[in-house]
Amino acid sequence: MLVTRGPAVSRELTGLLRDRGYDVRVAPLLEAQLPEDTAALRAVLDLAAGPEVPTWLTVTSANTVWALAAIADNSDWGAALDRARASTPKLSVAAVGRATASALRQVGIGVDFTPSHEQSAAGMLAEWPTARASAGEVALVPASELASSALADALAERGYDVTTAVAYRMVPAPAAEPLQPDAPLCDDPAVLDADAARDQCARGEFRAVVATAPSRVAALLDGLAPPPGGTRWVAIGEPTAAALRQRGLTPVVAEDPSPAALAVAVDRALEDLFKTTSSTEEKSS
């Protein structure tokens, strides 16, 4: 099976899959790097570190954390943002999910809000702590170049003064200057380049594909004929599932983006094949 992530960031998931007996390959397909112009992102970081009014910093991926780290002027930037959480006016930090919250904590930034159900921009909005912003309240929304404007637009409708910034862009792997180097270890699964992954997918060589972002779905499938029907598809969340459905595929969607939930979703996706194999073995015995 194929996991559409690099070896380092998928290590926990691929370990769980290999423990279940699956033969796993990984393909980064895309990597994150800074945009050419980082002025807007630097402005967001400055506003977050020294809020002049109550301010929310919304963080919708770990890559945004690494992008902020890459443009920060000193190694103390995370502690500076965390100090702003205790300031008056106060900085509040929202993370889209557990992985993003973990990345924030790794750089010393506490998290004030994470949605408890759907880990997406829509999930954040559904559980946002307040229905309306206080007068003059600011929302800072750094995100991928490919990100929808839905989060920023909805926060603006709720009365926030919204500042957006492109934090990173996804480029074909290997990126010239990746935000997070993703070198494999000797016992990691085999790493496929994009051409090999696309070719093997088109030939139906993967029994299952774990798709981890809409952009990676596009990188794997766009320009190809529909993959053979024997391939099962697993989506990390609803946005990725929607990207697969748009291409005529029917994915199993993980209950949350964690490695454990993705591994369970793979089992569910392949459950019918296991039953068929078991039935055939019983008939032949």
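A quick note: this is a predicted structure, and the numbers were derived from the prediction, not measured. (Residues numbered from 1 in each chain as written. Predicted model: local features only at pLDDT ≥ 70, side-chain atom pairs only at ≥ 80, totals over all residues. Heavy atoms only, no water.)

Q: Can you help me understand the sheet that holds strand 9 (residues 208-211) in this one?
A: Whenever strands of a sheet pair, they do so through backbone hydrogen bonds, lying parallel or antiparallel. Here we have six strands laid out as an open sheet, ordered 8-2-1-9-10-11, and parallel in their pairing. Looking at which strands have only one partner, the edges of the open sheet turn out to be strand 8 (190-191) and strand 11 (252-253). In this sheet, strand 9 lies alongside strand 1 (residues 2-3) in parallel orientation, the contact comprising two bridges. Bridging from a neighbouring strand, L2 pairs with V209 of strand 9. Most of the contacts of helix 11 (residues 259-269) go to strand 10 (residues 232-235), to which it runs at about 155°, and overall it touches strand 9, strand 10 and strand 11. (Pairing = 2+ DSSP bridges. Helix = DSSP H or I, 4+ residues; strand = E, 2+ residues; numbered from the N terminus. Contact = heavy atoms within 4.5 Å. Axes fitted to C-alpha atoms, helices over the stretch in contact; angles between N-to-C directions.)

Q: Help me out: how do you make sense of the packing of aromatic side chains in this one?
A: Two measures describe an aromatic ring pair: the distance that separates the ring centres and the angle between the ring planes. Enumeration according to the criterion identifies three aromatic pairs in this entry. When the centroid spacing of 4.8 Å and the interplanar angle of 55° are considered together, the rings of W56 and W128 count as tilted. Residue W56 is located in strand 4 (residues 55-59), and its partner W128 is located in the loop between helix 6 (121-126) and strand 6 (138-144); the two are separated by 72 residues in the primary sequence. Note on accessibility: W56 and W128 belong to one class, buried. Between W128 and Y160 the ring centres are 6.2 Å apart and the planes differ by 90°, which places this aromatic pair in the edge-to-face class. Of this pair, W128 sits in the loop between helix 6 and strand 6 while Y160 sits in the loop between helix 7 (150-157) and strand 7 (161-172); the two residues are 32 residues apart in sequence, bridging distant segments of the chain. Here the two residues W128 and Y160 agree in accessibility, since each one is buried. An aromatic cluster is defined as three or more aromatic residues linked by ring pairs; in this entry it consists of W56, F113, W128 and Y160. (Phe/Tyr/Trp six-rings, centres within 6.5 Å; stacked < 30°, edge-to-face > 60°. Buried < 20%, exposed > 50% of the residue type's maximum accessible area, 1.4 Å probe, protein only.)

Q: Can you help me understand the side chain of T55 in this one?
A: With respect to the element layout, T55 can be found in strand 4. Once residues lying within four places of it in the same chain are set aside, the contact partners of T55 are K90, L91, S92, V138 and L140.

Q: Is there a simple way to think about the sheet that holds strand 7 in this case?
A: Taken together, five strands build an open sheet; the order of strands is 3-7-6-4-5 and the sheet is mixed. Here the strands that pair on one side only, and so sit at the sheet edges, are strand 3 (30-33) and strand 5 (91-95). When strand polarity is set aside, the average angle formed by the axes of neighbouring strands in this sheet is 25°. Pairing between strand 4 and strand 5: five bridges, direction parallel. Residue L57 lies in a different strand from strand 5, and its bridge partner there is V93.

Q: It is not clear to me how the packing of helix 8 (residues 194-202) against helix 9 (residues 214-221) should be interpreted in this structure. Could you clarify?
A: Packed helices, taken two at a time, are described by the angle their axes make and the gap between the axes. Running from amino to carboxyl end, helix 8 crosses helix 9 at an angle of 75°, the nearest separation of the two axes being 8 Å. Here helix 8 is positioned roughly perpendicular relative to helix 9, judged by the angle of their axes. Each of A197, R198 and C201 in helix 8 lies in contact with helix 9, whose residues at this interface are A218, A219, L220 and L221. Looking at the contact of helix 8 with helix 9 residue by residue, the classes come out as six nonpolar, no polar and one charged. (Parallel < 35°, antiparallel > 145°, perpendicular 65-115°, else oblique. Nonpolar A, V, L, I, M, F, W, Y, C, P; charged D, E, K, R; others polar.)

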